[in-house]
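Here's the letter readout for the chains.
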Amino acid sequence: MKPKILITGASGFIGSFIVEEALRRGFETWAAVRKSSSRAFLRDDRIHFIELDFSSEGTLTEQLHDHRFDYVVHAAGVTKCLHAEDFRRINTEGTKNLVNALRSLKMPVQRFVYISSLSIMGAIREQQPYRDIMDSDTPQPNTAYGRSKLEAEQWLHSLNRQGEARGDTAAAGDAFPYVILRPTGVYGPRERDYYMMFKSIKAHTDFAVGFRQQDITFVYVTDVVQAVFLALQQGRTGRCYFLSDGEVYQSSTFSDLIRKELGNPWWIRITAPLWLLRVITCCSELVARCTGRVTALNNDKYNIMRQRNWRCDITPARQELGYAPQVQLAEGVRRCVAWYQEHGWL
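Computed from a prediction, not measured in an experiment: that's the story for all the values here. (Residues numbered from 1 in each chain as written. Predicted model: local features only at pLDDT ≥ 70, side-chain atom pairs only at ≥ 80, totals over all residues. Heavy atoms only, no water.)

A.B. asks: Can you tell me about the side chain of T217, naming the residues and giving the values?
C.D. replies: Within the secondary structure, T217 is located in the loop between β9 (215–216) and β10 (218–220). Reaching out from T217, the side chain makes a polar contact with the side chain of T184 at a distance of 2.7 Å. Polar side-chain contacts of T217 include one of 2.5 Å to the backbone oxygen of W310. The residues contacting T217, other than those within four sequence positions of it, are L118, T184, G185, S244, E247, V248, W310 and R311. (Helix = DSSP H or I, 4+ residues; strand = E, 2+ residues; numbered from the N terminus. Polar contact = N/O pair within 3.5 Å; in protein donor to acceptor, adjacent residues only side chain to side chain. Contact = heavy atoms within 4.5 Å.)

The structure is reproduced here in structure tokens:
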């Protein structure tokens, strides 16, 4: 019998790639979607669909009642919201509701992989020379998105600590088998936020912010997928793993590579002071609130672009999972440009 896997956020950028890999590995693959979700990248006839409402534990329990999943990958969530409290409602409470539903049904889940983010760490180790952010560092998230992801992580950790604190050996044996992945900036075909930079450079403008050195990291989407399935196989319960491609880049490297793959169009490279970005994001967020339309240029984006150190230590993922990044930035950008052009995005 095929192992049965549930992938939430399946219609999203990362989720759709996880679905493809699960099918390739022979899993009975269930894609959790909303009624309004696009299924543009979920065309394979082997995919089973299930609509889940993460806003209600009771509803989730009903929706999952007749299913038994061996593995769950929770990739659902939001990176942009009109209101800060929506991050917590969707990313934090949605995760709690899903896990509580699985536990109340005594679902025999062998491994639950939660896709978190390097953003939970915030702007730490910002003194030059920058050093890698370690999993032993204390998270200090500086965005509503990062705080919502961290709260979900902390809640997952609390599940198993409760049994340990009681000295309950039965509870320890029934510890919820979760593993947390914390990727840095994920890019690849189908991604829409970094795509804005590709589009801008094709239109002859490169925009950067801040004059102090910025060390940035990336991870190609298929390397995140690699880590997901390694975590399903051999991730240690309760462990958190940072993910990147293992390299560190300067802020201009990404745009230089994009320009090269686009055939070196003429461009104007603009580096703006942080105060100007602050004005732009404040105005953009005000307009978004008035129109009800979510914008990528918000207060979270300001804090993300202001942050100077995005280095992270992926040694635990290498040693414990056998994680080995396959796609470095130059190759990843080449693949992105080829896909965007093939599909008429560029």
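Here the narrative resumes.
A.B. asks: Got a sec to walk through empty space enclosed by the protein? Specific residues and values, please.
C.D. replies: Considering all chains together, one arrives at one cavity of 30 Å³ or more under this definition. C81, L82, E285, A288, R289, T295 and N298 together form the lining of the largest cavity. Split by residue class, the lining of the largest cavity holds three nonpolar, two polar and two charged. (1 Å grid on protein atoms, 1.4 Å probe; cavity = no way out; pocket = protein on both sides within 12 Å on 5 of 7 lines; lining within 4 Å. Points joined across faces, edges and corners; volume = space filled by probe spheres on them. Nonpolar A, V, L, I, M, F, W, Y, C, P; charged D, E, K, R; others polar.)

A.B. asks: Which residues make up the nonpolar core, and what are the values?
C.D. replies: Grouped together as the largest cluster of nonpolar side chains are 69 residues, with contacts concentrated most on I5, V73, L181, F198, F229 and Y323. Sort the elements by how many residues they give to this core and helix α7 (residues 221–234) lands first, with nine residues. The contacts of F229, once residues within four sequence positions are left out, are I5, I18, E21, A22, R25 and F27. With 28 residues, the next largest nonpolar core counts F54, L98, F176 and Y178 among its residues. (Core = buried A, V, L, I, M, F, W, Y, C linked by side-chain atoms within 4.5 Å. Buried < 20%, exposed > 50% of the residue type's maximum accessible area, 1.4 Å probe, protein only.)

A.B. asks: Any details on helix α9 (residues 274–291)? Residues and values, ideally.
C.D. replies: Relative to the 26 Å expected for 18 residues at 1.5 Å per residue, α9 spans 26 Å between its end C-alpha atoms, a close match to the ideal helical length. Those residues of α9 hidden inside the fold are in contact with β8 (205–209) and α10 (299–306). Once α9 ends, the next one or two residues include G292, with phi positive near 75 degrees. (Expected span 1.5 Å × (residues − 1).)

A.B. asks: Summarise the environment of L297; cite the residues concerned and give the values.
C.D. replies: If you trace the backbone, L297 turns up in the loop between α9 and α10. Not counting residues up to four positions away in its chain, the partners in contact with L297 are I280, T281, S284 and E285.

A.B. asks: A description of the packing of helix α8 (residues 251–261) against helix α12 (residues 329–342) should follow, citing residues and the corresponding values.
C.D. replies: Contact pair α8 / α12: the axes reach a minimum separation of 9 Å and the direction vectors enclose 45 degrees. Judged on the interaxial angle alone, α12 and α8 are oblique. Crossing handedness for the pair α8 and α12: right-handed. Each of T253, F254, L257, I258 and E261 in α8 lies in contact with α12, whose residues at this interface are L329, A330, V333, R334 and V337. For the contact of α8 with α12, the per-class residue count stands at seven nonpolar, one polar and two charged. (Axes fitted to C-alpha atoms, helices over the stretch in contact; angles between N-to-C directions. Parallel < 35°, antiparallel > 145°, perpendicular 65-115°, else oblique. Left-handed = near helix turned anticlockwise from the far one by under 90°.)

A.B. asks: Which residues make up the sheet that holds strand β3 (residues 48–51), and what values do they have?
C.D. replies: Spatial strand order, β3-β2-β1-β4-β5-β6-β11: seven strands in an open sheet with parallel pairing. The open sheet terminates on both sides in strands that have one partner only, identified here as β3 and β11 (240–243). Adjacent strand axes in the sheet meet at a mean angle of 20 degrees when their direction is disregarded. Here strand β2 (residues 28–33) pairs with β3 via four bridges, running parallel. When the sheet's bridge partners are listed, V33 is paired in β3 with E51. Lying on the sheet, helix α1 (residues 13–24) is in contact with β1 (4–8), β2 and β4 (71–74); it crosses β1 at an angle near 170 degrees. Along the sheet, helix α3 (residues 84–104) contacts β1, β4 and β5 (111–115); its crossing angle with β5, the most-contacted strand, is approximately 175 degrees. (Pairing = 2+ DSSP bridges.)

A.B. asks: Before we move on, can you summarise α10 with the specific residues and values?
C.D. replies: Turning to α10, its buried residues are D300, Y302 and N303. Projected onto a plane normal to the axis of α10, the buried residues spread over an arc of 160 degrees and lie on a single side. (Arc of directions from axis to C-beta.)

A.B. asks: Quick rundown of the pattern of salt bridges? Include the residues and the values.
C.D. replies: Here the structure, examined in full by the defined rule, presents 22 salt bridges. Across the pair D137 and R125 runs a salt bridge whose closest N-O atoms are separated by 2.7 Å. With D137 in the loop between β5 and α4 (144–166) and R125 in the loop between β5 and α4, this residue pair connects regions lying 12 residues apart in the sequence. In terms of burial, D137 and R125 fall into one category: buried. Note that R311 and D132 form a salt bridge whose closest N and O atoms lie 3.2 Å from each other. Of this pair, R311 sits in the loop between α10 and α11 (315–321) while D132 sits in the loop between β5 and α4, and the two are 179 residues apart along the sequence. Classification of R311 by relative accessible area gives partly exposed; the value is 22%. Shared partners join several salt bridges into a network, and the residues in it are R88, E93, K96 and E151. (Salt bridge = Lys/Arg side-chain N within 4 Å of Asp/Glu carboxyl O.)

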